[in-house]
Each structure stands twice: as structure tokens, then as C-alpha cells.
Amino acid sequence: MRTTRVLLRSCLLAGAALLALTGTAGAAFADGGDGDDKSAAPTEAGTSFRTATAIQLDQEATAEASTGDYLYWSFPADIGQRPTVHATVKLPEDAARHGDSTWRVDVYDGLRRHQACRFGAQSRTAAQDADTVELSCTLRTVRGWSEPWANDPLPGTYYARLTVTGLKADDLGLPMRAEALVTSSDAGGATAVDGALAEPLVPGAGTKSQAASSAPEDGWASGWWSSRWLWTAGGGVLGALAGIGGYCLTRGSGRPSRVPAGV
Amino acid sequence: MITRHRLAAGALTLLAALTAGLGTAGPAAADDDEPARPSPKVELVLDVSGSMRARDIDGKSRMAAAKQAFNEVLDATPDEVQLGIRTLGANYHGDDRKTGCKDTELLYPVAELDQAGRTDAKTAVATLAPTGWTPIGPTLLKAADDLKDDNEERSRRIVLISDGEDTCQPLDPCEVARKIAAEGIHLTIDTLGLVPDAKTRDQLSCIAEATGGTYTSVRHTDELSGRVKQLVDRAADPVATPVATEGAAQCSDAPQLKSGVYTDREKFGEHRWYRVDVEPGQELRAAVSVGADRAVNRDYGVLLRASTEHGREIVRGSEAGDGRTDVISTGLRYPKPEADGDIDGDNDEGGESGESAAETVCLQVSNSFSAPASVKTTPGLPVELAVDLVDAPDEASDVASFGLGNGWWLLGTLIVVGFLAGLVWGWVSRWRFAVWRTN
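Procedures and definitions
Position numbers for residues start from 1 in each chain and track the written sequence from start to end. Throughout, the order in which chains and ligands are written sets their labels, letters from A for the former and numbers from 1 for the latter. The model is predicted, so local features are restricted to residues of pLDDT at least 70 and side-chain atom pairs to those at 80 or more, both for listing and for counting; the totals for chains, interfaces and linings are taken over all residues. Excluded from the side-chain calculation are hydrogens and water; included are all heavy atoms of the structure. Strand pairing is assigned whenever DSSP detects at least two bridges linking the two strands. To qualify as a helix, a DSSP run of H or I must reach at least 4 residues; to qualify as a strand, a run of E must reach at least 2; elements of each kind are numbered from the N terminus. Note on contacts: a residue pair qualifies if any of its non-hydrogen atoms lie within 4.5 Å across the two residues. Note on terms: buried area is the combined drop in 1.4 Å-probe accessible area of two parts once they are placed together, counting the loss on both. Only one rule defines a salt bridge in this text: a Lys or Arg side-chain nitrogen within 4 Å of an Asp or Glu carboxyl oxygen. Angles run from 0 to 180 degrees between N-to-C directions of axes, and those axes are lines fitted to C-alpha atoms, restricted for helices to the stretch in contact. We call two directions roughly parallel when the angle between them is under 35 degrees, roughly antiparallel when it is over 145, roughly perpendicular when it lies between 65 and 115, and oblique otherwise. Three classes are used: nonpolar for Ala, Val, Leu, Ile, Met, Phe, Trp, Tyr, Cys and Pro, charged for Asp, Glu, Lys and Arg, and polar for all others, with Gly counted as polar. In this description, a disulfide is simply a cysteine sulfur pair whose atoms lie within 2.5 Å. We call a residue buried when its accessible area falls under 20% of the maximum for its residue type, exposed when it is over 50%, and partly exposed in between, using a 1.4 Å probe and counting protein chains only.

1. Focus: the sheet that holds strand 12 (residues 299–307) of chain B
Within a beta sheet, neighbouring strands are joined by backbone hydrogen bonds and run either parallel or antiparallel to one another.
Residue and element names in this part refer to chain B.
Line of reasoning, step 1. Spatially, the five strands line up as an open sheet ordered 8-10-15-12-13, and their pairing is mixed. Of all strands in the sheet, those bounded by a partner on one side alone are strand 8 (256–257) and strand 13 (313–322).
Line of reasoning, step 2. Relative to strand 15 (residues 359–367), strand 10 (residues 271–278) runs antiparallel, the two sharing eight bridges. Following the sheet pairing, Y274 is matched in strand 15 by L363.

Spelled out as C-alpha cells, the structure:
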């Protein structure tokens, strides 16, 4: 009976140790993102998909433009990320404006497919006397792989397009200022899917031209790692320990107590 | 077998990641060795019509503001840009419309600017005095001729600065701009209106819209110089120039496309077909955007469809939208399985199965733009088609990453099942011991 108790206790200890290990490793993994934007922030925005200005996550880009321009930025999003595009419009001076204006930010993936926003103020109307408009769009989780028929977000280049959609004609072409910032949160292993793209959805991947600047600073993730490894391995170990515990319970100390020693 | 497959896939992805990592360093270094891109050509077109005399920009005349802006721009022009200056309405004082509408002059020919060139150009600009008519349409035609040459990769840009609408109807400058853009010489026209009235604004923004350019309304000198500098710099940005192609009405006559970016024109409601050969183990990625380069009705859409030569649809991308827009775009991807994949072999549709034969995929681009009857339907809307052929991804065999588990339910289940198995195992071994003892 004592053996059983010892076994059980060691089982529990091992389980606790494993859990602690999972916790720390998970946390360490989640801490991956670093916030240093060493390269100079872009001060221009592109005017089409082809000319979009490449920015990195957490890099604040600015642009001087005219109301009515279509401003494009491109950013890389990798497996397990949930990017949020923030766009701020500094409107032209009140005196020059004649009415309300409606602003909108749209996000497209590397195949120029429109991407849905899970939440965020994608479109907003600014009153005539407003100074700024703030827009945001949070994408769905970027998955490692999806069926070709789905338009789930896949790792690769994303485009953010900022423009005015509703404007009094008199207000067209006034000088404005735009800021764009893409942040991202980690979705964790619960969203890790099987399969991987051979190449991220980066435009021009097949022609090996351009697009180098639009890769994440530390390269694309290979996608094989997720916290599911820890859960599964931990579960396996715990299951094995529980098995030993169960065995000990029914098997007893090795031999029935009424059997005399030496039989 | 599955494990080996997985391992191989893992190794491949790792390799892909490595090559991608190398790739980021590669092209940047390769850029220096590659043959230089053709230098972009920019022409500044300045309205020198009589109305430029008006003193309403920061207390100075519009002409003075323009001259000051030109001086600053000429100093700041990047060396690789070939810059020219053309004037309109600079020479003819008279009232004869016919003569007045021919009044356009190439003040400084399109060339790379050295120090002397900059000074010459500035001197030439300094001599200008507000004079005549506003022949925007004819000037744009001439300006496009100035920029034309044999190089199909060169990007070209016209920056039109004007303070009044065209006085040489019926040649509509907006139609002119659209025609020039449709010639496929990668020409963008950006327009700037100096203290514009409603008509000028409509016309200039129409010209910009027709060529994918931008329109700016200018009320201060610094705005003018800042914007023109920005536009000239923009021309200097290296961008992949698309290749002109012409899609056919049916797949059998369609042009064969490889990886690259293509442009075409498509009328309202027209269907255009292209063909792409996809090898087994390759993935076709196609993205298309159709531009709204004129006034169109509120609702619109685009459909990109990939089908086999026999007409079976493989995959489609579609998008619809409403309201103000520059383009509407969509895309699709079609990974073609390896030829030896026996389960997925039926993708080949009847024909010879597998044998590493490339499959011809027909791409159909159609749009559902419409326009009021007053809007001209020719030339068609600009279409940009990006085609990429890359390695196909490996198939996912499970929804979860490597089929692994996640979460407390998994742990609980494993523990309970493990525990029960242990109980049974202990009981069995106890039973066997008892059996052994009785025997």
C-alpha cells in the first residue's frame, strides 16, 4: 500500500512539474514579438496595389496626400497572428471644408482578395469640424493553410487601402495627412491548423522579383511549431503516469498479502 | 508512411523557410547587378494662360507661385529621373481660337538633369508670362508624344498644373487622357488645380481618374511645390511595370501567360480569357483588379474564374462592392497535386491522367461595372492581372496542426483513459498471478 502512495505522489509531482514547464514555455513563445522599429518609418504611401509602401508590424507610417487619393500600404502577416490595421486621418483645415466626409480602410490579402474585419471601425464619418478620424480593422486569425476555395487569411503580404468614400465635391484634392500602424496579437496554438503553403502569399513569389522587402523582419515562420506539441506531450506523460497509478491501485504491492514470502 | 510523409514535409517547409530567408538577402543584392531599370520620364505641364495672372495664392500671382514651385522642384529632382517641361497657352495673345488651341510648347526637352540642365530649365521657366488660351487636350497629346519611346518597361508621368478648364472643346481632355492611358505606355497623369472652380476641379479630377493619377487642389505655394516634388519622387520609385496583353473572347484563342503582371482593357460586361500552364506540384495564383477609370454606376463587381479546357470550373474568386473606388479586385489559387497522388488524380478531368503533363488552366476575367448612357465605353476599363506559379503546398491531413491535441479536455481525457487502462492492466496482472498461483 505504501508503494502505491509513493507512486501516486510522484505521479502528482511529475504532473505538476510538466504543467509548470508547459506554462513557462508557452509564455516564452508568446513573448516572441519585439517592439523595436529600427528602420526609418515610411513617409509616403503607394497609390495602387503595385506601388503600395511596405511597412512592418508596429511600424508607424505616415503620408501626405490629397483627399480623394487612394493610399496603399502593404504589411506581412504570419501564421497565428491577428493583425489589426489602425489608420488615422488628419483632416484638412476646417475652413477649407464644406461638409462631412466618410473615410474607410479596406484590407486585402496577397491575392488582392478583400478581407473581412472581425471588428473595428472600418468606416467612419467625420463631421465638418472634426480634426481627425480614426479607423481600424482587425483581421481573422492568419492560418497556415486553407482550402483553395476558401478565402481564409493565409501568411503573406496584406494590403491596407485608405480612402474617402463620401465627400462633397468641393472638398476633393485638399491636403491631408494619414498615419497607418499595423499591430498584431498572437492567437495561440488553439488556432494552429495542419498543412502549410510552400510559399507565403507574396505577390511576385513566382517571378522572384520585388517582394523581398515585404517579408517579416525575422523571416516567415515555418509553421511546424505550436503549443499543441506541449499539450499533447504533456497529456501523454500525464496519461502514462495515471496509467501507472491505476496499475498500482489494482495490482497492489506486487503480491497478495496473504501469500507467504518465498512461495 | 504518414509519419515519413510528415517528416519530409517538415523538412521541406524548413528548407522553404531557409530559402525564403536567403531570398530576402538575395534580391536586394541582385538588384545592384541587374541591368539598370529604364529611368522614369516625367513631364511637367504648366498652364500659362491669361488667368494665371490672378493674385490669389498667398498674395502672389498664380504664375509666381508656379515659378517658385518649379525652382524648388528642379533643385530636388532625383538624378535618375528624366524631366521635361511643357507649357500651354504661353505664346499666342490673340483671339483666334484655332491658333490659340495649338499654342503649346516644349519648354525644356525630356532629359536627365545635370547642374547646367537645372539652371537652363529654371531660366526658361523664369521667362514665362501669363498669356493665352488653355488647350489642355492638345497639350496632353503632345506631352504623351514627348514621353513615348520604344522602352516598354519605362514608367511615365505627366504632372499637369492648371488653373482653368480646357477652352478648346470639343476635344475633351478627359477622353484624351483615357485614350493615352489605354495605349499601354505606363503613363499616369497627376493634376493640380490652382485655386480651382467647380468646373476646373471636375475636369482635372476626371483626367487624373482616367489614368490612375491623383488630383490636388492647391491654395498655397508650399502645397504646390511639396506636392509636385512628391509626384516626381513617386515617379522615381522602382515598380514592376506590367506587360501589355490582350485576352481573347474564348479560352482556345487566349494568350499564354507565365508568371508576371499583365495589363489589359476590358469593356463593360466583356469576358476576357487567358491561359496558364500549370505543372503538377505547382500552385497557380492569380489576382485581378479592374479599375474604375470613369464615372460608373454605384454597384459593381468582378469575377475571376479558373476552369479546365473542357469548361469545368476549378475555382473562382469574386468580389462586389459599391460606392467610390479606384479598383475592384479579387484573386484565386489553384494548387495542382503531384502527378503520383492517386487519390487526387481525378482533377485532370477525363484527359490523359497525370504523367507530369502541364494542365492548361483557362482564366476568365469578367466585370459587372455599368455606367450611365452618357459615359463612353471605349476604351475598356483597365485590367491588371497578376499571375504567379509557385510550388504547391502539401495537403493538410487533419484540421489541427500535425493532428496534435490542445487544451484541458485533452489532458483530462488522456489522464482518465490512462488511469482506467492502468486499473485494468493491474487487475489483469493480479488475475494472472492468481491463476498462476492456483496452478
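2. Details of the interface of chain B and chain A
Line of reasoning, step 1. Contact with chain B, which involves 80 residues of that partner, is made by 84 residues of chain A.
Line of reasoning, step 2. With both chains or domains summed, chain B and chain A bury close to 6,800 Å², and 58% of this area falls on carbon and sulfur atoms.
Line of reasoning, step 3. Linking chain B with chain A are six salt bridges.
Line of reasoning, step 4. R161 of chain A is paired through a salt bridge with D326 of chain B; the nearest N and O atoms lie 2.6 Å apart.

3. Quick look at the packing of helix 2 (residues 62–76) of chain B against helix 4 (residues 115–126) of chain B
All names here are of chain B.
Line of reasoning, step 1. Across the interface, helix 2 lies against helix 4 with an axial gap of 10 Å and an inter-helix angle of 170°. The angle between helix 2 and helix 4 falls in the class roughly antiparallel. Between helix 2, through K67, F70, N71, L74, D75 and A76, and helix 4, the contact on the second element is made entirely by R118, A121, K122, V125 and A126.
Line of reasoning, step 2. Of the residues assigned to the contact of helix 2 with helix 4, the class counts are six nonpolar, one polar and four charged.

4. Structural notes on the state of the cysteines
Line of reasoning, step 1. In the structure shown here, the tally under the stated rule is four disulfides over all chains.
Line of reasoning, step 2. Disulfide pairing places C117 of chain A opposite C137 of chain A at an S-S distance of 1.9 Å. Between C117 of chain A and C137 of chain A, the S-S dihedral sits near -100°, and the bridge is therefore left-handed. Here C137 of chain A lies in strand 8 (residues 132–138) and C117 of chain A lies in the loop between strand 6 (114–115) and strand 7 (123–126), a separation of 20 residues in the sequence.
Line of reasoning, step 3. Here C137 of chain A falls in the buried class, since its relative accessible area comes to 0%.
Line of reasoning, step 4. Two residues, C251 of chain B and C362 of chain B, share a disulfide whose sulfurs are 1.9 Å apart. Judged by the sign of its S-S torsion, about -75°, the bond between C251 of chain B and C362 of chain B is left-handed. Placement of C251 of chain B in the loop between strand 7 (243–244) and strand 8 and of C362 of chain B in strand 15 is noted, with a sequence separation of 111 residues between them.
Line of reasoning, step 5. Accessibility expressed as a relative area gives 12% for C251 of chain B, which makes it buried.
Line of reasoning, step 6. Note on C362 of chain B: relative accessible area 1%, which makes it buried.
Line of reasoning, step 7. Across chain B, the way the bonded cysteines pair up, counted in sequence order, is 1-2, 3-4, 5-6.

5. Considerations on the sheet that holds strand 7 of chain B
All names here are of chain B.
Line of reasoning, step 1. Ordered in space as 7-9-16-11-14, the five strands form an open sheet in which the pairing is mixed. Whereas interior strands pair on both sides, the edge strands pair on one side only; in this sheet they are strand 7 and strand 14 (327–335).
Line of reasoning, step 2. Inspection of the sheet shows strand 7 paired to strand 9 (residues 260–266) by two bridges, in the parallel sense. Within the sheet, the bridge partner assigned to V243 lies in strand 9 and is Y262.

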